[in-house]
Amino acid sequence: MDRREPEKTDVLPSTALAYLDRNYWDKRFAQEEHYEWLKDYSHFRHLLQQHITPHSSVLELGCGNSQLSEELYRDGITELTCIDLSPIAVDKMKQRLVNKGYKEIKVLEADMLDLPFEDGCFDVVIEKGTMDVLFVDSGDPWNPHHATVEKVMKMLHEIHRVLKPEGIFISITFGQPHFRRRFFNHPEFTWSVEWNTFGETFHYFLYILKKGQRSSESEECGEKTRIPSISLYHDELEGEDYLFRTNIDEM
């Protein structure tokens, strides 16, 4: 099993609320070269390959210092755009990709709540743990704060807008379906919703939302197996994930 710890222990926040502070991320990215939230690409590659082809134009939200774009590039997907709110993360990502010869990947400083792209310009939008940050201070997971709902809906509206008519949104997250339905199945969106899980003792969720394919019944469909129960044992989670997880969708 992959048990990698964060490269620098001093990047660990005292509370998950720090994840809402833009200054925290700038300081962290200035110190840290790489950290992979919610496991690395190898754990869910088989699920992504069903939906992303070498011809797909892909937007990654909240790239941070993840290696996801590099892994996708090595799989033949070269039309990649990565964004992050931190200028430090963006500058370091640009330099890292240039050093590795991945000059085709675009990296931009941008806000996922106000994407600087035209309507219908991406085949795939993908996020890994980025939306989870919006839930850090959400209150009751069954009835989140209004501010949280507003931000999540802004994010989803922007994603829906920049996707092509038959585009796909892929969300890799801690959030279980019963906490995500109210957002993904909002009547303003035309996408269908399905999900899979990955991981060993702890399960992460990978949602596939296909624009323009929502059924008239607006029903979401997922795995035919039961939804795994939540487990919060620290040693079952990747490095820092336990701290993030215990503040999201708590029961």
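Residues numbered from 1 in each chain as written. Predicted model: local features only at pLDDT ≥ 70, side-chain atom pairs only at ≥ 80, totals over all residues. Heavy atoms only, no water.

(A) Main features of the layout of surface pockets. Approximately 850 Å³ is the volume attributed to the largest pocket. For the lining of the largest pocket, the secondary structure elements donating two or more residues are α1 (22-31), β1 (58-61), β2 (80-84), α5 (130-133) and α6 (146-162). Tallying contributions element by element places α1 first for the lining of the largest pocket, with four residues. (1 Å grid on protein atoms, 1.4 Å probe; cavity = no way out; pocket = protein on both sides within 12 Å on 5 of 7 lines; lining within 4 Å. Points joined across faces, edges and corners; volume = space filled by probe spheres on them. Helix = DSSP H or I, 4+ residues; strand = E, 2+ residues; numbered from the N terminus.)

(B) Summary view of the packing of α6 against helix α7 (residues 177-184). Where α6 contacts α7, the axes come no closer than 10 Å and their chain directions differ by 65 degrees. Taken together, α6 and α7 sit at an angle that is classed as roughly perpendicular. Across the interface between the two elements, V149, V152, M153 and L156 of α6 pack against R182, F183 and F184 of α7. Classifying every residue of the contact of α6 with α7 gives six nonpolar, no polar and one charged. (Axes fitted to C-alpha atoms, helices over the stretch in contact; angles between N-to-C directions. Parallel < 35°, antiparallel > 145°, perpendicular 65-115°, else oblique. Contact = heavy atoms within 4.5 Å. Nonpolar A, V, L, I, M, F, W, Y, C, P; charged D, E, K, R; others polar.)

(C) Structural detail: the sheet that holds strand β5 (residues 163-173). Reading across the sheet, the seven strands line up as β3-β2-β1-β4-β5-β7-β6 and stay open at both edges, with mixed pairing between neighbours. With one partner strand each, in any of the chains shown, β3 (106-109) and β6 (192-198) form the two edges of the open sheet. Neighbouring strand axes in the sheet, compared pairwise and without regard to direction, differ in orientation by 20 degrees on average. As paired strands, β1 and β2 are joined by four bridges and run parallel to one another. Bridge assignment links L59 to a residue of β2, and that residue is T81. Against the sheet, helix α4 (residues 87-99) touches β2 and β3, its axis set at about 165 degrees to β3. (Pairing = 2+ DSSP bridges.)

(D) Here's a closer look at the packing of aromatic side chains. Scanning all chains against the criterion turns up 21 aromatic pairs. Summarising the aromatic geometry, the rings of Y24 and W25 are spaced 5.2 Å apart at their centres and angled 70 degrees between planes, so their arrangement reads as edge-to-face. Both residues of the pair, Y24 and W25, count as buried. For the ring pair F189 and W191, a centre distance of 4.8 Å and an interplane angle of 35 degrees mean the geometry is tilted. With a relative accessible area of 0%, W191 lands in the buried category. Through successive ring pairs, a cluster of aromatic residues spans F169, F184, F189, W191, W195, F205 and Y207. Over the ring of F183 we find R182, and its NZ or CZ is 5.3 Å from the ring centre. (Phe/Tyr/Trp six-rings, centres within 6.5 Å; stacked < 30°, edge-to-face > 60°. Buried < 20%, exposed > 50% of the residue type's maximum accessible area, 1.4 Å probe, protein only. Lys NZ or Arg CZ within 6 Å of the ring centre and 35° of its normal.)

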